[in-house]
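In case you want the letters, here they are:
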Amino acid sequence: MAQWSPIPLRLIVGYGFMQHGFAKLSRGPDMFAVTLQGMGVPDPHLMAWLTILTELLGGLAVLLGAFVTVVSLPMTAVLLIAMFKVHWQYGFSSIKLLAATETGAKFGPVGYEIILLYIACLAALVMGGSGPLAIDRLVRTRRLRNSVP
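Residues numbered from 1 in each chain as written. Predicted model: local features only at pLDDT ≥ 70, side-chain atom pairs only at ≥ 80, totals over all residues. Heavy atoms only, no water.

**Here's the deal with the nonpolar core**
The condition is simple: Definition used in this section: a nonpolar core is a set of buried Ala, Val, Leu, Ile, Met, Phe, Trp, Tyr and Cys residues joined via side-chain atoms within 4.5 Å. In this scheme, a residue with accessible area under 20% of its type's maximum is buried, one over 50% is exposed, and one in between is partly exposed, where area comes from a 1.4 Å probe on protein chains only. Where helices and strands are cited, they refer to DSSP runs of H or I of at least four residues and of E of at least two residues respectively, numbered from the N terminus. Whether two residues touch is decided by their heavy atoms; if any such pair falls within 4.5 Å, the residues are in contact.
Counting residues in hydrophobic clusters, the biggest one holds 16 residues, and the most contacted among them are Val13, Phe17, Val62, Met75, Leu79 and Leu122. When contributions to this core are tallied by element, the ones reaching two or more residues are helix H1 (6-27), helix H3 (44-64), helix H4 (68-87) and helix H5 (113-128). Ranked by residues supplied to this core, first place goes to H5 with six residues. With residues near it in sequence (within four places) discarded, valine 13 still touches Val62, Met75, Tyr118, Cys121 and Leu122. Phe32, Ala33, Leu36 and Ala48 belong to the second-largest nonpolar core, a separate cluster that totals five residues.

Put into structure tokens, the structure is as follows:
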């Protein structure tokens, strides 16, 4: 069963990154560039597109188990920038219950806890491999088969 453990990690990390990328894309890269500019990020339009593409393509690659080691680097960079530029000031916890009202719970700003969970998942995939049903494993198996005389 342990060989299957990377699959839930790949599914949640890949899907999560893609959702964030789609959200930025649907609001428009220019809107995200304005946010980046407000945070003092240099060349905000270029960085907006690089972030969106990292989230979309990196998320898809992780989901498929393809080039996980390679795509984990820019994905981790995006996470670290978000952690230090946005979430750090709100502390560790991702859940800050402010009030419980008739319409539901009201939460405060999100801390960096989830960022660390994403980084830990990426690190686990890099160190332990993508698992079965991964393109990385398929490519490795094919290479081994072709290199044996």
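**Observations regarding the side chain of histidine 87**
When you line up the elements, histidine 87 lands in helix H4. Once you skip the residues sitting within four places of it in the chain, histidine 87 turns out to touch Ala82, Val110, Gly111, Tyr112 and Ile115.

**Things to note about helix H6 (residues 135-147)**
In plain terms, the rule: Given a helix with a known number of residues, its expected span is that number minus one, times 1.5 Å.
In this model H6 runs 18 Å from its N-terminal to its C-terminal C-alpha over 13 residues, within 8% of the 18 Å that 1.5 Å per residue would give. Counting buried residues in H6 gives one out of 13 residues, a small share hidden from the surface.

**So, unusual backbone geometry**
Despite not being glycine, aspartate 43 has its phi angle at roughly 45 degrees, a positive value. Here aspartate 43 lies in the loop between helix H2 (29-38) and H3. Despite not being glycine, leucine 133 has its phi angle at roughly 60 degrees, a positive value. As for its position among the elements, leucine 133 is in the loop between H5 and H6.

**So, the side chain of serine 94**
Here is the rule: N or O atoms within 3.5 Å of each other form a polar contact, as long as, within protein, one can give a hydrogen and the other can take it, and as long as residues adjacent in sequence are counted only when both atoms are side-chain atoms.
Among the structural elements, serine 94 can be located in the loop between H4 and strand E1 (97-101). Engagement of the side chain of serine 94 in a polar contact is seen with the backbone nitrogen of isoleucine 114, the distance being 3.3 Å. With residues up to four places along the chain from it excluded, the contact list for serine 94 reads Val110, Gly111, Glu113 and Ile114.

Read these as geometric descriptors, not functional statements.
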